[in-house]
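Given next are the chains, with one letter for each unit.
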Amino acid sequence: MRKTSSSKNESKSFKQSFLKNWKSVASVIDRILPKPKQVVLADGTKVDPPRSTSIYVSIILLIIILYFVNITEFNIILLFKNFTNIFEFTSRIFKPDFSYYPEVILKVIETIRMALLGTFVGAIASLPVAYFISANLHKDTKVAMFFINIVKASLSLLRTFPMLVYAQIILLLFAAGSGPLTGTIAVSIFTFSILTKMLYEYIETLDLGAFEAIESTGVTKLKAFTTAILPEIISVYYSYSLYCFDINIRHSTILGYVGAGGIGVILKRTLQSDNYEQSGMILLVVFVAILSIEAVSKAIRRRLA
Amino acid sequence: MNEKHIVNENVISQYNNAPKMSRAKIISFVAVIILVLWSIMGISFDGFNGKGFEVAMRLLGSFLEPNKIILFGDNAYSVRVLGLETLAIAFLGTIFGALMAIPIAFLAARNIMPKFVNLFFQGTITGIRVFPVFVIGVAVIKITGFGPFAGVITMGITSIGMMTKLYVEAIEGINKNVLEALDATGCSTFQKIRFGIIPQLTAQFLSTAIYRFEINVKNAAVLGLVGAGGIGGPLLNAISAGRFSDASAYLIGLGVMVLIIEFFSNVIREKLA
């Protein structure tokens, strides 16, 4: 039993011991700090009011903030002094250049295609992986649990890096001019990493009664999964995928900045060459596209729920 | 074939009554397939060449040997200095964003403000959320010039969207009975805010801020693009210039930092919830 304890359990026990130690540290701090004044009630009972730690917390916070302010060269005066600079930028960006429209539409469509295909591939890949690494389905085999923990750890490592880093790395692997392909792969890696996590966490909260009942009739685990669990998770799976699509659309506007295709490519070009009216047009189209896709996906997700 | 094993009539009838593929399902299935085919047609797959495999091998090889000077050193391009800068940007950016999000959240809350006011501010939030990060970055750099200070302000502005959304949810979920009870004891408006509203909101506000801090550290790579400081710029430069062992050192630094912060953020948020 103890040997099969998963990394999740281990991390949980680590968490508990951390909290326990923290409590003892906190009690030491309590002893160091001066006691607040005792309050004597009308009937003579003495009451110790709880210590207020807020002043110490704020002092520590203030020290950290000052240190960080020093590092980042934070300068609020500069912010107010140069604030008018932004009006030149915004006044031009809010005057979109409508003649730029055709090129923008093409690139927006490319962005949507990248996000769509990337989400599709990532979503297709995530369902079987989520099945294989849901701890509650495989807790009877120790070897499987071992591999599950390894896969989960590498997935959480995969999630720590932003999509942009993947795009930049993948860009090196292909010939020049394959930006959209790179973007699609980056989107699918990102989708895979977060969707798998969402799915296995959802499966692990499910009641396995039906699954175990069907498994006990002698069918394989996979068959029991497709009969008992899949119908339960399928609508959640669709709505999570749509949610990922929403995120991906927004993120893939950035991907072009490193050359990975989509709207970001021309947005970068117009911003760098000071064609802010054209940037304004791009932003307008992106705004409309993202909001309408979000509205559609929200409507579908509401019907799925 | 299976029928002869099934003895019970009820089972057969249940089996026949099982939900079939409805029209909506078929339509959505076909729609998804068409959309996917449409996207495949738009993306060229000609980029595959022999070079890719070679680069991948070289990449993997150097990722296993991170640049030790960058990973453990103390110069201006080391993980320690840049990581601390990233942390500082994310921290101050989160505080800056939270300070701006709180008033906006109160203005955008449906249970406090009249309808036209909160509609206006809800629209503002959506606008901020949809704007790509580096557009905000470019605008901010016009004010502050290049450097980590620009990163702080950009982080702050991009944080507003999500933070306000969650703050609004917290404010809309306030239990008004508490305020009525305080009213009954004869509290002044200030006392009502101090003992009735603030205690209800602090936990959720803090946990949102901590969650956003986690995201901000993760997004540090994006800021490097526009020259707004942090570990992102050197990391992306190292990758695109093919200095993979440097990139590996930065990635390890970023990964360890993010995992540690994630751990602490989970612990604290679990306690706050």
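Given the structure is predicted, the values throughout are model-derived calculations rather than measurements.

Caption draft 1: The arrangement of the overall build of chain B in detail. Looking only at helices and strands, chain B has 13 helices and zero strands in total. Its helices and strands taken in sequence order, chain B reads α-α-α-α-α-α-α-α-α-α-α-α-α from the N to the C terminus. For chain B, whose C-alpha radius of gyration is 27 Å, the value lies well above the compact-globule estimate of 19 Å for 273 residues. Taking all 273 residues of chain B together, 46% fall into the buried category. If you take every contact in chain B between residues at least 6 apart in sequence, the share linking residues at least 24 apart comes to 71%.

Caption draft 2: Spatial organisation of the overall build of chain A. For chain A, the count of helices and strands is twelve helices and two strands. Listed by position from the N terminus, the elements making up chain A come as α-β-β-α-α-α-α-α-α-α-α-α-α-α. When each of the 305 residues of chain A is scored for burial, the buried share is 41%. Residue pairs at least 24 apart in sequence account for 71% of intrachain contacts in chain A once pairs closer than 6 positions are excluded. Summed over all atoms, the accessible surface of chain A reaches about 16800 Å², with 67% contributed by carbon and sulfur.

Caption draft 3: Local environment of the domain arrangement of chain A. Domains assigned within chain A are domain 1 (7-81) and domain 2 (97-304). Each of domain 1 of chain A and domain 2 of chain A has a C-alpha centre, and the two are 39 Å apart.

Caption draft 4: Expanded view of the interface of chain A and chain B. Chain A puts 64 residues into the contact, and the matching count from chain B is 67 residues. Both sides of the chain A and chain B interface together cover about 6000 Å² of buried area, and 82% of this is carbon and sulfur. Counting across the chain A and chain B interface gives one salt bridge. Of the charged contacts in the structure, one is a salt bridge between B:Arg129 and A:Glu294, with a shortest N-O distance of 3.6 Å. Run the count over chain A and chain B and you get three residue pairs in polar contact (both at pLDDT 80 or more). Looking at which element gives the most residues to the side of chain A that touches chain B, the answer is helix H2 (residues 54-72) of chain A, with eight residues.

Caption draft 5: Examining the packing of aromatic side chains more closely. Summed over all chains, the structure comprises twelve aromatic pairs over all chains. Where A:Tyr202 meets A:Tyr240, the ring centres are 6.5 Å apart and the plane angle is 85°; that geometry is what we call edge-to-face. Taken together, the positions of A:Tyr202 in helix H8 (residues 179-204) and A:Tyr240 in helix H10 (residues 221-255) put the pair 38 residues apart, joining distant regions of the chain. Ring centres 5.1 Å apart and planes at 85° place the aromatic pair B:Phe120 and B:Phe121 in the edge-to-face group. Overall, the relative accessible area of 56% leaves B:Phe120 in the exposed class. A cation over a ring is seen here: A:Arg113 above B:Trp38, with NZ or CZ 4.5 Å from the ring centre.

Caption draft 6: Up close: a nonpolar patch on the surface. Nonpolar side chains collect at one region of the surface, where B:Ile26, B:Phe29, B:Val30, B:Ile33, B:Ile34, B:Leu37, B:Ile40 and B:Phe45 lie side by side and expose about 700 Å² of accessible area between them. Here B:Phe45 lies in the loop between helix H2 (23-42) and helix H3 (50-63).

Caption draft 7: Seen up close, the environment of B:Ala228. Residues and elements named next belong to chain B. Note on placement: alanine 228 falls in the loop between helix H11 (220-223) and helix H12 (232-240). Distance in space between the C-alpha atoms of alanine 228 and glycine 137 is 7.3 Å, their sequence separation being 91 residues. Ignoring sequence-local partners within four residues, the contact set of alanine 228 consists of Ile89, Gly147, Pro148, Ala150, Gly151 and Leu223.

Caption draft 8: Region of interest: helix H5 (residues 79-108) of chain B. Between the first and last C-alpha of H5(B) there are 40 Å, a value that for 30 residues agrees with the 44 Å anticipated at 1.5 Å per step. Roughly 30° is the biggest bend found in H5(B), and it falls at B:Ala101, with proline B:Pro103 one to four residues downstream.

Caption draft 9: Inspection of helix H6 (residues 115-130) of chain B at higher detail. Along its 16 residues, H6(B) runs 23 Å from first to last C-alpha, staying within 8% of the 22 Å computed at 1.5 Å per residue. For H6(B), the complete set of buried residues consists of B:Val117, B:Asn118, B:Phe121, B:Ile125, B:Gly127, B:Ile128 and B:Val130. Those residues of H6(B) hidden inside the fold are in contact with H10 and helix H12 (276-304) of chain A together with H5, helix H7 (133-144) and helix H8 (148-172) of chain B.

Caption draft 10: Structural view of the domain arrangement of chain B. Looking at chain B, the domain boundaries give domain 1 (2-42) and domain 2 (70-272). Between the C-alpha centres of domain 1 of chain B and domain 2 of chain B the distance comes to 45 Å.

Caption draft 11: Quick look at the packing of helix H5 (residues 101-132) of chain A against H8(A). Residues and elements named next belong to chain A. Put simply, H5 and H8 touch, their axes get as near as 6 Å, and they point 40° apart. Along this stretch, H5 crosses H8, giving a crossing that reads as right-handed. Here the residues of the contact of H5 with H8 are counted per class, giving 16 nonpolar, nine polar and one charged.

Caption draft 12: Representation of the nonpolar core within the structure. Counting 124 residues, the largest nonpolar core has A:Val104, A:Phe225 and A:Ile229 as the members making the most contacts within it. Looking at this core, the element that brings in the most residues is H10(A), giving 13 residues. For A:Phe225, the contacting residues outside a window of four places in its chain are A:Tyr131, A:Leu137, A:Ile203, A:Phe211, A:Leu230 and A:Ile233. With 22 residues, the next largest nonpolar core counts B:Ala109, B:Ile125, B:Val168 and B:Ala170 among its residues.

Caption draft 13: Structural view of the confidence of the model for chain A. Summary statistics for chain A give a mean pLDDT of 83 and a share of 90% for residues scoring 70 or more. Low pLDDT, under 50, characterises residues 1-7 of chain A; the stretch is placed with five contacts to residues that sit more than four places away or in other chains.

Caption draft 14: Main features of the packing of H5(B) against helix H13 (residues 244-272) of chain B. Residue and element names in this part refer to chain B. For the pair H5 and H13, the least separation of the axes is 10 Å and the interaxial angle reads 45°. Taken as axis vectors, H5 and H13 run oblique relative to one another. By crossing handedness, the relation of H5 to H13 is classed as right-handed. Of the residues in H13, those touching H5 at Val79, Leu82, Gly83, Thr86 and Leu87 are Ala249, Tyr250, Gly253, Met257 and Ile261. Residue composition of the contact of H5 with H13, by class: seven nonpolar, three polar and no charged.

Basis of the calculations
- Residues numbered from 1 in each chain as written.
- Chains lettered and ligands numbered in written order.
- Predicted model: local features only at pLDDT ≥ 70, side-chain atom pairs only at ≥ 80, totals over all residues.
- Heavy atoms only, no water.
- Helix = DSSP H or I, 4+ residues; strand = E, 2+ residues; numbered from the N terminus.
- Rg over C-alpha atoms; globule rule 2.2 N^0.38 Å.
- Buried < 20%, exposed > 50% of the residue type's maximum accessible area, 1.4 Å probe, protein only.
- Contact = heavy atoms within 4.5 Å.
- Areas by Shrake-Rupley, 256 points an atom, 1.4 Å probe, with all protein chains shown as cover.
- Domains from an automatic or database assignment.
- Buried area = accessible area lost by both parts, 1.4 Å probe.
- Salt bridge = Lys/Arg side-chain N within 4 Å of Asp/Glu carboxyl O.
- Polar contact = N/O pair within 3.5 Å; in protein donor to acceptor, adjacent residues only side chain to side chain.
- Phe/Tyr/Trp six-rings, centres within 6.5 Å; stacked < 30°, edge-to-face > 60°.
- Lys NZ or Arg CZ within 6 Å of the ring centre and 35° of its normal.
- Patch = residues over 30% accessible without salt bridge, like charges linked within 9 Å, V, L, I, M, F, W, Y side chains within 5 Å.
- Expected span 1.5 Å × (residues − 1).
- Bend = angle between axes of the 7 residues up to and from the residue.
- Axes fitted to C-alpha atoms, helices over the stretch in contact; angles between N-to-C directions.
- Left-handed = near helix turned anticlockwise from the far one by under 90°.
- Nonpolar A, V, L, I, M, F, W, Y, C, P; charged D, E, K, R; others polar.
- Core = buried A, V, L, I, M, F, W, Y, C linked by side-chain atoms within 4.5 Å.
- pLDDT = per-residue confidence, 0-100.
- Parallel < 35°, antiparallel > 145°, perpendicular 65-115°, else oblique.

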